[in-house]
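Each chain is listed here by its residues.
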Amino acid sequence: MVLGLAIVIFLGAASPPVHAQNSSDKDRETAAKLVYGMMSDMRYSYRAHQLDDALSSRIFDAYIEALDPERLRFDPVDRQALEKYRNKLDDSIRRGALEPIYEIANARANPDGEQQSRDEIFELFLNAYARVSDGDGSYKSPFVKEAAKPRESRMLISARMVDAGGERVGVISVPHLYSTSQQPVGAEVANAIAQFNQDGVRALVLDLRGNGGGPLREVMELAELLLGRGPVMQIREVGGRISVERAKAARQWNGRLGMLVDGGTAAGAEMLAAALQDRGRGIVLGERTFGRGTIQNPVSLDFASAAQRRYGVLSLTIAEVFRLNGQPLDGVGVTPDTVLALGTVRKTRNSHIAVSKAIAAVDGFEQAPQSSDAVKQPVKSRYTSGSQAGTDPFITEAALIVQGLTGSESDVPAPD
């Protein structure tokens, strides 16, 4: 399983086949029916929705937004003329009668001057359907090439020490949770912790700002290093079965601990921060996290003959993560114990509105008391960027707060 918005199974099945550049109308019709079948079936989709006129209306709005995000393509007259399709898209999907989606896209030329192929229009439309129905769902056509992306740094972590009131505080920045065969994230963090322990460092800040998550195994490895044995999260699967993910190894960091988060901290990274709070292991600082608490699974629609790659790949939600106290993460996020006015731009898709109701807490769970050091009001940094050469002022502020924590060097007893 893969944590939501941080899919790590690379969709090899989504690559265009070498023998074809475009799909047939029949292939697209079949793909639409397959997507409908999975998205509306509670055996496959955690958030299956009935495809009716009400959902059609929402898909219509999402599709128009995808076609014209800057509102430059369709003028008010165009938009009014397209209203006739609002309650007809559900029938188009069910029957595979897709001509309306092409008529909508071709009502006005793309403002960038590029002609969109039917496959590109089809992918855009099914993504609108998947997002509206599933929340975190997506569709990838085997006939649409991905846009070239700039090369991004794949730095796993950076570790350093900063001075906080005369005491050295360790800082480990983890920008993502994607390991490579040569560089596992967990191993890199373990090495940094071992060095801090050897150097006599007693306080640690884990910087998770902008960390969009990653695979579940990476989350659990970090939980073992920092929290140690015990429950980390609850997972409710399709069908309602609830299980508890538990860390099984003894922790390697026993000193004071804080996690620095922001609005870009999502999925697995915010699940780790929630577990720290629930178990009373340390303190969460920064801004409220993104609020993505679902697990997606990419499914090839070419299950009958995967070698042909005719129908594409659908990623749909198969499970949801809840905190140890039973509260949902999805649409809520993690509220820091100490709020720092980081000033980052929030990238939330749902304005932090919980989709699911709370479930029962883990058996034997007792909510850890909030640290007496927690500060709920925004804290403006007392430092400028020049306070320590090359040091982020919020890292310095977080280090000072964590350095001054008391009673945070051991867990509140966790249930077995």
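For the structure itself, look to the data block above.
In this report, the structure presented in the accompanying data block is examined. Computed from a predicted structure; not experimentally measured.

**Observations concerning the packing of aromatic side chains**
Here is step 1 of the chain: One pass over the structure, following the stated rule, counts two aromatic pairs.
Here is step 2 of the chain: The interplanar angle of 80° and the centroid separation of 5.1 Å between the aromatic rings of Y63 and F125 together place this pair among those described as edge-to-face. Taken together, the positions of Y63 in helix α2 (residues 53-67) and F125 in helix α6 (residues 118-134) put the pair 62 residues apart, joining distant regions of the chain.
Here is step 3 of the chain: You can call Y63 buried: its relative accessible area is 0%.
Here is step 4 of the chain: Ring centres 5.7 Å apart and planes at 80° place the aromatic pair F122 and Y139 in the edge-to-face group. Residue F122 is located in helix α6, and its partner Y139 is located in strand β2 (residues 138-140); the two are separated by 17 residues in the primary sequence. Like F122, the residue Y139 is buried in the burial classification.
Here is step 5 of the chain: Cation over ring: R118 sits above Y102, and NZ or CZ is 4.1 Å from the ring centre.

**What to know about the side chain of T294**
Here is step 1 of the chain: Take T294: it is sitting in strand β10 (residues 294-300).
Here is step 2 of the chain: In this structure the side chain of T294 is engaged in a polar contact, spanning 2.7 Å, whose partner is the side chain of D136.
Here is step 3 of the chain: There is a polar contact of 3.0 Å between the side chain of T294 and the side chain of Q296.

**So, the nonpolar core**
Here is step 1 of the chain: In terms of nonpolar packing, the biggest core is built from 45 residues, with I172, V174, V189, L226 and M233 touching the most fellow members.
Here is step 2 of the chain: Elements with a contribution of two residues or more to this core: α7 (185-198), β5 (203-207), α8 (216-226), β6 (230-237), β8 (256-261), α9 (268-279) and β11 (313-322).

**Quick look at unusual backbone geometry**
Here is step 1 of the chain: Here R71, not a glycine, exhibits a phi torsion of approximately 55°, which is positive.
Here is step 2 of the chain: Mapped onto the fold, R71 is located in the loop between α2 and α3 (76-82).

**Focus: the environment of A319**
Here is step 1 of the chain: As for its placement among the helices and strands, A319 is situated in strand β11.
Here is step 2 of the chain: Separated by 25 residues in the primary sequence, A319 and T294 place their C-alpha atoms 5.8 Å from one another.
Here is step 3 of the chain: The contact partners of A319, leaving out residues within four places of it in the chain, are Y46, I235, R236, E237, T294 and I295.

**Concerning the packing of α7 against α8**
Here is step 1 of the chain: For the pair α7 and α8, interaxial distance at closest approach is 9 Å and the crossing angle is 15°. Taken together, the axis directions place α7 and α8 in an arrangement best described as roughly parallel. Handedness of the α7/α8 crossing: right-handed. Residue-level contacts link V185, G186, V189, A190 and I193 of α7 to E218, E221, L222, L225 and L226 of α8.

**Points about the pairing of β11**
Here is step 1 of the chain: The buried count for β11 comes to 10 of 10 residues, which makes it a mostly enclosed element.
Here is step 2 of the chain: Pairing of β2 with β11 involves three bridges; the strand directions are antiparallel. Directly across from Y139, in β11, lies its bridge partner L314.
Here is step 3 of the chain: Across four bridges, β6 lies against β11 in antiparallel orientation. If you follow I235 over to β11, its bridge partner there is V321.

**Considering the packing of helix α1 (residues 25-39) against α6**
Here is step 1 of the chain: Direction vectors running N to C along α1 and α6 enclose 5°, while the axes themselves pass 11 Å from each other. Taken together, the axis directions place α1 and α6 in an arrangement best described as roughly parallel. Between α1, through D25, R28, A31, A32, V35, Y36 and M39, and α6, the contact on the second element is made entirely by R118, D119, F122, L126, Y129, A130, S133 and D134.
Here is step 2 of the chain: Considered class by class, the residues forming the contact of α1 with α6 number nine nonpolar, one polar and five charged.

**Brief notes about the pattern of salt bridges**
Here is step 1 of the chain: One pass over the full model with this rule turns up 23 salt bridges.
Here is step 2 of the chain: Residue R28 is joined to D25 by a salt bridge in which the shortest nitrogen-to-oxygen separation is 2.1 Å. Residue R28 and its partner D25 are both found in helix α1; the two are separated by three residues, about one turn of the helix.
Here is step 3 of the chain: For R28, a relative accessible area of 4% corresponds to the buried category.
Here is step 4 of the chain: Its salt-bridge partner being D119, residue R28 comes within 3.5 Å of it at the nearest N-O pair. One end of the pair, R28, is in helix α1; the other, D119, is in helix α6, with 91 residues separating them in the sequence.
Here is step 5 of the chain: Taking the relative accessible area as the measure of exposure, D119 reaches 2% and is therefore buried.
Here is step 6 of the chain: Look at the salt bridges and you will find they share partners, linking D25, R28, E99, R118 and D119 into a network.

Reading the values: the criteria
- Residues numbered from 1 in each chain as written.
- Predicted model: local features only at pLDDT ≥ 70, side-chain atom pairs only at ≥ 80, totals over all residues.
- Heavy atoms only, no water.
- Phe/Tyr/Trp six-rings, centres within 6.5 Å; stacked < 30°, edge-to-face > 60°.
- Helix = DSSP H or I, 4+ residues; strand = E, 2+ residues; numbered from the N terminus.
- Buried < 20%, exposed > 50% of the residue type's maximum accessible area, 1.4 Å probe, protein only.
- Lys NZ or Arg CZ within 6 Å of the ring centre and 35° of its normal.
- Polar contact = N/O pair within 3.5 Å; in protein donor to acceptor, adjacent residues only side chain to side chain.
- Core = buried A, V, L, I, M, F, W, Y, C linked by side-chain atoms within 4.5 Å.
- Contact = heavy atoms within 4.5 Å.
- Axes fitted to C-alpha atoms, helices over the stretch in contact; angles between N-to-C directions.
- Parallel < 35°, antiparallel > 145°, perpendicular 65-115°, else oblique.
- Left-handed = near helix turned anticlockwise from the far one by under 90°.
- Pairing = 2+ DSSP bridges.
- Nonpolar A, V, L, I, M, F, W, Y, C, P; charged D, E, K, R; others polar.
- Salt bridge = Lys/Arg side-chain N within 4 Å of Asp/Glu carboxyl O.

Purely geometric stuff here, so don't read any function into it on its own.
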